[in-house]
Protein chains: 2
Amino acid sequence: MKKKTTIYDVAEEADVSLATVSRVINGSNVVKKATRDRVLEAIKRLDFKPNQVARGLATSKSTTIAVVFPQSIFARVKDMIGGIGDTGRTLDYSLTMYTTDELGDSNPLEDVIERVVKSRADGVILFNSQDIEKGLQLTKQYNLPTAVIGQKTSDDNVCSVYVDAKAIGYELTKKYLDQGIDDILFVKARQNLIDLNSLHEGIKAAFVEAGKTFEDDRVITTSNEFEQAHNDFAKYLDSHKTPRVVIAGYDKEAVAFVQACDEKGVKIPDDLEIIGMVDSTYAIISRPKLTSVHLPIYDMGAVAVRMITKMLNEEEIDERAVCMKHTVVKRDSTKLL
Amino acid sequence: MKKKTTIYDVAEEADVSLATVSRVINGSNVVKKATRDRVLEAIKRLDFKPNQVARGLATSKSTTIAVVFPQSIFARVKDMIGGIGDTGRTLDYSLTMYTTDELGDSNPLEDVIERVVKSRADGVILFNSQDIEKGLQLTKQYNLPTAVIGQKTSDDNVCSVYVDAKAIGYELTKKYLDQGIDDILFVKARQNLIDLNSLHEGIKAAFVEAGKTFEDDRVITTSNEFEQAHNDFAKYLDSHKTPRVVIAGYDKEAVAFVQACDEKGVKIPDDLEIIGMVDSTYAIISRPKLTSVHLPIYDMGAVAVRMITKMLNEEEIDERAVCMKHTVVKRDSTKLL
DNA sequence: ATGAAAGCGCTAACAA
DNA sequence: TTGTTAGCGCTTTCAT
C-alpha cells in the first residue's frame, strides 16, 4: 500500500509552502488567485484527500457526531436515521454509530459513552430510553454537547427534540371521555420515541379533569416481540372485560392487538377502537388500517443534528427543547375519535 | 471548557515518561508491575481517556470502519446493524455510518466514498445495491479494504458475505415444478440483501432443467412503498390470470400481495401460494402467516465486520466470499412447498 | 500574499 | 525496564 498523498506533496508539486496549501483547502481568501489555481491543480493532479484525522488533531475538533441508539429502537427510526444522515452530510459532519443493548454488557451506556469520549466526537445524540438519565449525567461530566431525541430536557450543553406525549395522551383520552367513554386501556410499549410516561400522565390528566380516575390496572406493558405481545393480548382478552378503547404506544403492538381481537371475535372499530403511535408501515399493513399518531420522524433526526452543530458553533439557539408537531391520522380502527 | 487530560499529565502525575504511559495503555508487558500500577492509578485519578484521534494520526490507523447503506434498506437490516454494532464493539472498532439515496445528490456513492477516504476509515462495508460496482471500483482505487454484504464478489481487497440467491430461486422453483406446477410469478423488490438477479437466474435454471422456459413477463418489479406495491398487485390480479405461486423478494411485498389476494377473493394457500424472503416481522404479522426464506441477518453483519478486520490485520482468510446458509421457514401461505 | 515553525496527543524506534 | 526523540499530517500564529 503506497503512502497517501499529503499536504507536503501538494506543496511541492505546486511549489508553495504547506501553509498555503492549507489555506487553499480551508477556503481562506487571502491566497492570490494564481497561486490558488496552481494549488488546486496540484491537488487534483495528485488526487489529494486531506486527512481528517490529522486535521482533527490540529484543530481539536473531529467534526464527528456520535449517534447512540438501542438496537431495538432501530426499526422504528429508519426515517430518523435518514434525517440524521442527510443533515450530517449536508453540514459536513461524520456520524459514528454506537448500538446499545443486545450484547450482555453490564453497563452498555457507560461503556459506549467512554468510547465516544475517546473518539473525541464533538457531540452526541442520545435516544430516549430507560437509562437516558445516566447517559446525560455522563455526557455532562465529560462536557459533551448532547441532543436527546424523544424526551424533553435541556441544560447547558443539552438540547432535545421531542413530541408532546402528554398532550397526545390527553387529547386522545379527552375525545373519548367527552363522548362518555372511559373504558380505556393503555398499552405501554417497552421503549420508544415517545415518552410513554408522559403519555400516561396525559391520559390521567384527562381523567382527572373529567372527575374520574385512570386506574393503574388499565395499563399493560408488553414485549417488543410481535408474537409475544400478540399472545399476551390474546390472554388479556380472555381474562378481562373487553375495553372500548386501546391506546398503544407503538403501531406494532397495536397491530398485535388488532390480530388478537380478530381471533377473539372482537370487532374493530365497533366493539373496540384502537390507536397506534408513530404512523409507520405497520399502521398501513394492518387490517383494518390503523388510526395512528403521526410523528415527524425524519425531521426529528434532522433537528437533532442541527441542534448539536449549533451548540458546537456557538450559534444562537432560540429553543433548546424543540417540540415537534404530531397529527392524528384517522383510518379504520376508530370511528368516534 | 477546560483542557482534556493528556498522556503528559498522566506521565507527570505518575512520575514516569510519557512512553511508559503509552506502554501501559497499550498493554505492553514490559512495564514493571509497580510502575504499571502507579500509572494506572494516575489514569484513574485524572480520568484520562486516550485521544483516539491522536493515536490514529500516530499509527496511521483510525480503527474505524465505514458502513455505507442505502437508507431504504434500513428497515430490512436492523438486526444486521445489531450484528455489525456488536462485533465492532467487541473488536474495538468504531463504526461510521453513511447513508446514501434520499438526498438528491447526483453521485451519492461517489461523494460518500470520498468522505470515507478523507475520514481515513480503515475499511468500508458496502451493501448490495444498484451502483455497487461503482462503489467497488472506487474503494479499489483508494485501496480501501471492503466487505460487501448481499452479493458474491471478491478480490484482492474485497471480501463478501451473501446468501446463495440462485440456489434459493432454484430450490423453490424446482419443488413446484416437480409437482407439475409452473405457473409462477416472481415479485422483484427494488433492492435487497439478496441478489435478486441471481434469484431470478435460479428460477430460470430450474425451468430449463425441466425443459421449460420462465418467461420475462412472469417477473414484476415493485415499489418500496407498501401502499403502492399493494395497488400494483391488485391491478395485476385484475388484469392477469391468477398465478399459482408467487415468489417475493422481500416479506413486505409478499404481505402486500397477500392483502391484495384477500381483497380479490383469492384464497391463500389454496388458490395461490406465496413465499417471502428474509423472514422478518412482516412474515409473522401477515395473515395467513408467511412462509419465508430465513436469512441469518445478524450474522451476516457480524461476519462482514470480522472479515474487514481480518483483512486489516492481515490474518489468514480461508474464504473471501462467505456464503451464509438460508432455511425455508414454512408457515401458512404455502402447502405444497 | 506567503513562508517558517510550533504544536495538536500519541506511538514507536532507538538509547540508556 | 524506562526515557528520549522523531514523526504522524495538518492548522495556526507570527514573521516577512
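Residues numbered from 1 in each chain as written. Chains lettered and ligands numbered in written order. Predicted model: local features only at pLDDT ≥ 70, side-chain atom pairs only at ≥ 80, totals over all residues. Heavy atoms only, no water.

Quick look at the overall build of chain A now. Within chain A, the regular secondary structure consists of 13 helices and 12 strands. At 25 Å, chain A has a C-alpha radius of gyration far larger than the 20 Å of a compact globule built from 337 residues. When its C-alpha atoms are laid out on the principal axes, chain A stretches across 85 × 40 × 40 Å. Put simply, chain A has 337 residues, and 56% of those count as buried. (Helix = DSSP H or I, 4+ residues; strand = E, 2+ residues; numbered from the N terminus. Rg over C-alpha atoms; globule rule 2.2 N^0.38 Å. Buried < 20%, exposed > 50% of the residue type's maximum accessible area, 1.4 Å probe, protein only.)

The next subject is the domain arrangement of chain A. Each assigned domain of chain A is listed here: domain 1 (7-50), domain 2 (64-163 + 297-324) and domain 3 (165-294). Computed from C-alpha atoms alone, the centre-to-centre distance between domain 1 of chain A and domain 3 of chain A is 62 Å. (Domains from an automatic or database assignment.)

Next up on the list: the protein's contact with DNA strand C. Lining the immediate surroundings of DNA strand C are 27 residues, of which Ser 17, Arg 23 and Thr 35 of chain A together with Ile 7 and Ser 22 of chain B lie closest. Of all atoms in DNA strand C that approach within 4 Å of the protein, 65% are sugar or phosphate atoms. One of the backbone N or O atoms of Ser 17 of chain A is found 2.8 Å from a phosphate oxygen in DNA strand C. Within the side chain of Ser 22 of chain B, an N or O atom sits 2.6 Å from a phosphate oxygen of DNA strand C. Counting residues per element, the ones that place at least two in the surface near DNA strand C are α2 (18-25) and α4 (52-59) of chain A together with α1 (7-14), α2 (18-25) and α4 (52-59) of chain B. By residue class, the composition of the surface near DNA strand C is 14 nonpolar, 8 polar and 5 charged. (Near = heavy atom within 4 Å. Polar contact = N/O pair within 3.5 Å; in protein donor to acceptor, adjacent residues only side chain to side chain. Nonpolar A, V, L, I, M, F, W, Y, C, P; charged D, E, K, R; others polar.)

At an RMSD of 0.2 Å, chain A and chain B line up after a rotation of 180 degrees and a shift of 0.1 Å along the axis. What the superposition gives is, in effect, a two-fold axis relating one chain to the other. Relative to the rotation axis, the C-alpha of Thr 96 of chain A is the closest in chain A, positioned 2.0 Å from it. A high fraction, 98%, of the interface residues of chain A reappear at the interface in chain B, so the copies pair face to face through one surface. (Least-squares fit on C-alpha atoms with pLDDT ≥ 70 in both. Contact = heavy atoms within 4.5 Å.)

Applying the stated criterion across every chain, the model contains 48 salt bridges over all chains. Linking Lys 289 of chain A and Glu 227 of chain B is a salt bridge whose minimum nitrogen-to-oxygen distance equals 2.8 Å. On the criterion of chain membership, the pair formed by Lys 289 of chain A in the loop between α12 (281-285) and β10 (291-294) and Glu 227 of chain B in helix α10 (residues 226-239) is interchain, its members lying in two chains. Among the residues examined, Lys 289 of chain A registers a relative accessible area of 23% and is labelled partly exposed. A salt bridge links Lys 174 of chain B to Asp 178 of chain B; the nearest nitrogen and oxygen atoms lie 3.3 Å apart. For Lys 174 of chain B, a relative accessible area of 28% corresponds to the partly exposed category. Judged by its relative accessible area of 54%, Asp 178 of chain B is exposed. The structure contains a network of salt bridges with shared partners spanning Asp 86, Arg 89 and Asp 92 of chain A together with Asp 111 and Arg 115 of chain B. (Salt bridge = Lys/Arg side-chain N within 4 Å of Asp/Glu carboxyl O.)

Residue and element names in this part refer to chain B. Interaxial distance between helix α6 (residues 108-119) and helix α7 (residues 132-141) falls to 10 Å at its minimum, and their mutual angle equals 25 degrees. In this view, α6 runs roughly parallel relative to α7, as classed from their interaxial angle. Note that α6 runs across α7; the crossing there is right-handed. Where α6 abuts α7, its residues Leu 109, Glu 110 and Ile 113 lie against Lys 134, Gly 135, Leu 138 and Thr 139. Split into classes, the residues belonging to the contact of α6 with α7 amount to 3 nonpolar, 2 polar and 2 charged. (Axes fitted to C-alpha atoms, helices over the stretch in contact; angles between N-to-C directions. Parallel < 35°, antiparallel > 145°, perpendicular 65-115°, else oblique. Left-handed = near helix turned anticlockwise from the far one by under 90°.)

Quick look at the pairing of strand β6 (residues 184-188) of chain B now. Residues and elements named next belong to chain B. Counting buried positions along β6 gives 5 out of 5 residues, so the element sits mostly inside the fold. Neither face of β6 is open: one carries Ile 184, Phe 186 and Lys 188, the other Leu 185 and Val 187, and all of them are buried. In the sheet, β6 pairs with strand β8 (residues 245-248) via 4 bridges, with the strands oriented parallel. Along β8, the bridge assignment pairs Val 187 with Ala 248. Examined bridge by bridge, β6 and strand β7 (residues 219-221) share 3 bridges and lie parallel to one another. The residue bridging Val 187 from the neighbouring strand is Ile 220, located in β7. (Pairing = 2+ DSSP bridges.)

Let us look at the sheet that holds strand β10 (residues 291-294) of chain B. Residue and element names in this part refer to chain B. Here 6 strands make up an open sheet; going across it, the order is β7-β6-β8-β9-β10-β12 and the pairing mixed. The sheet terminates laterally at β7 and β12 (327-329), the two strands that pair on one side only. Averaged over all neighbouring strand pairs, the angle between strand axes comes to 20 degrees, with direction disregarded. Against the sheet, helix α8 (residues 165-177) touches β6, β8, β9 (273-278), β10 and β12, its axis set at about 165 degrees to β9. Helix α11 (residues 251-264) contacts β6, β8, β9 and β10 of the sheet and is inclined by roughly 155 degrees relative to β9.

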